[in-house]
Amino acid sequence: MKHLNHAALALFMLPWSAVAEFMPERSFGDIRLSQLSSGQAYYAGLFHIYDAALYTRGTAANEAPRCLSLTYHVPLSRDKLILAAEKTLRRQGVDPNQLQPQLGQLHGHFRDVAEGDRYTLCHLKPDTIQLFYNDQEQISLSGENFAHSYLGIWLGENSISSSLRAALLKPFPLQPSR
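Every value quoted in this text rests on a predicted model; they were computed, and no experiment measured them.

### Considering helix α2 (residues 78-91)
Right, on to step 1. Taking 1.5 Å as the rise per residue, α2 with 14 residues should run 20 Å; its terminal C-alpha atoms sit 20 Å apart, in good agreement.
Right, on to step 2. Turning to α2, its buried residues are L81, I82, A85, T88 and L89. For α2, the angular spread of buried residues about the axis comes to 135°, placing them on one side. Projecting away from the buried face of α2 at angles above 90 degrees are the exposed residues D79, K80, L83, K87 and R90.

Now the structure itself:
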């Protein structure tokens with residue numbers, strides 16, 4: 001019982017992070033998007049890993065133009081980010097090898113994240129995805145269905161977090177992604 005009390009006390013002593021503040025609107029070149037929704041991602045239901053915000057023109061969550069912004073609350077290595085992405089793609093029935101060379105190029109621009117770092121993925125034009133790290137563009141890639149497949153990690157069926165997906169797609173009726 002004594003160990004249980006110490007464990008419970010340790011949980012309450014963890015640094016609880018606040019929810020990230022996202023701008024209500026963001027501009028990407030000449031494209032202006034509004035924040036449609038937001039949500040949080042947790043590991044094991046306890047540890048707050050990142051906050052996410054979905055930006056669109058309000059037409060559809062699964063079509064361009066749209067951006068997904070992730071603000072991290074814990075440090076993570078780029079290898080863990082890549083592993084989580086590829087594991088989710090496989091769970092969704094997508095073979096990461098079929099997304100090459102774009103997947104390798106995108107992941108080649110990943111960096112370790114620290115608390116407060118932000119990644120933003122933008123699908124502004126059909127079949128184009130841009131990666132921003134702390135608001136600095138890292139890479140822009142084209143490829144048939146690559147943007148849709150990669151954003152599907154968060155917005156598609158069998159996503160990285162079903163509760164995060166539900167929060168991000170709340171304004172839309174949930175339906176199978178294409």
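### Side note on the packing of α2 against helix α4 (residues 146-155)
Right, on to step 1. Two elements in contact, α2 and α4, have axes separated by 9 Å at closest approach and are oriented at 95°. As the angle between them shows, α2 and α4 are arranged roughly perpendicular. Contacts between α2 and α4 involve A85, T88 and L89 from the first element and S149, Y150 and I153 from the second.
Right, on to step 2. For the contact of α2 with α4, the residue count by class is 4 nonpolar, 2 polar and no charged.

### Digging into the state of the cysteines
Right, on to step 1. According to the stated counting rule, one finds 1 disulfide in the structure shown.
Right, on to step 2. A disulfide bridge connects C67 with C122, and the sulfur atoms are separated by 2.1 Å. Its S-S torsion of approximately 115° makes the covalent link between C67 and C122 right-handed. Linking C67 in strand β4 (residues 66-72) with C122 in strand β5 (residues 118-123), this pair joins segments that are 55 residues apart in sequence. Comparing C67 with C122, the two get one shared label, buried.

### A closer look at the packing of aromatic side chains
Right, on to step 1. On inspection of all chains with the given rule, the structure shows 7 aromatic pairs.
Right, on to step 2. Ring geometry for F28 versus F132: centroids 5.6 Å apart, planes at 55°, classification tilted. Pair noted here: F28 is in strand β1 (residues 25-28) and F132 is in strand β6 (residues 128-133), with a separation of 104 residues, a long-range link.
Right, on to step 3. Given a relative accessible area of 10%, F132 falls into the buried group.
Right, on to step 4. Considering the side-chain rings of Y72 and Y119, the 6.5 Å spacing of their centres and the 85° angle between planes classify their relative orientation as edge-to-face. Highlighted residues: Y72 in strand β4 and Y119 in strand β5, separated in sequence by 47 residues. Comparing Y72 with Y119, the two get one shared label, buried.

### Let's talk about the pairing of β6
Right, on to step 1. Burial of β6 is extensive: 6 of the 6 residues sit out of reach of the surface.
Right, on to step 2. Side-chain alternation along β6 places T128, Q130 and F132 on one buried face and I129, L131 and Y133 on a second face that is also buried.
Right, on to step 3. By the bridge criterion, 4 bridges tie β5 to β6 in an arrangement that is antiparallel. Bridge pairing in β6 places T120 opposite F132.
Right, on to step 4. Taken together, β5 and the strand that follows it, β6, pair antiparallel across an intervening segment of 4 residues, in which D127 is found at a positive phi of about 60°.
Right, on to step 5. Count of turn residues in the β6/strand β7 (residues 136-142) antiparallel hairpin: 2 residues, of which N134 carries a positive phi of about 50°.

Thresholds, definitions, all that
- Residues numbered from 1 in each chain as written.
- Predicted model: local features only at pLDDT ≥ 70, side-chain atom pairs only at ≥ 80, totals over all residues.
- Heavy atoms only, no water.
- Helix = DSSP H or I, 4+ residues; strand = E, 2+ residues; numbered from the N terminus.
- Expected span 1.5 Å × (residues − 1).
- Buried < 20%, exposed > 50% of the residue type's maximum accessible area, 1.4 Å probe, protein only.
- Arc of directions from axis to C-beta.
- Axes fitted to C-alpha atoms, helices over the stretch in contact; angles between N-to-C directions.
- Parallel < 35°, antiparallel > 145°, perpendicular 65-115°, else oblique.
- Contact = heavy atoms within 4.5 Å.
- Nonpolar A, V, L, I, M, F, W, Y, C, P; charged D, E, K, R; others polar.
- Disulfide = S-S within 2.5 Å.
- Phe/Tyr/Trp six-rings, centres within 6.5 Å; stacked < 30°, edge-to-face > 60°.
- Pairing = 2+ DSSP bridges.

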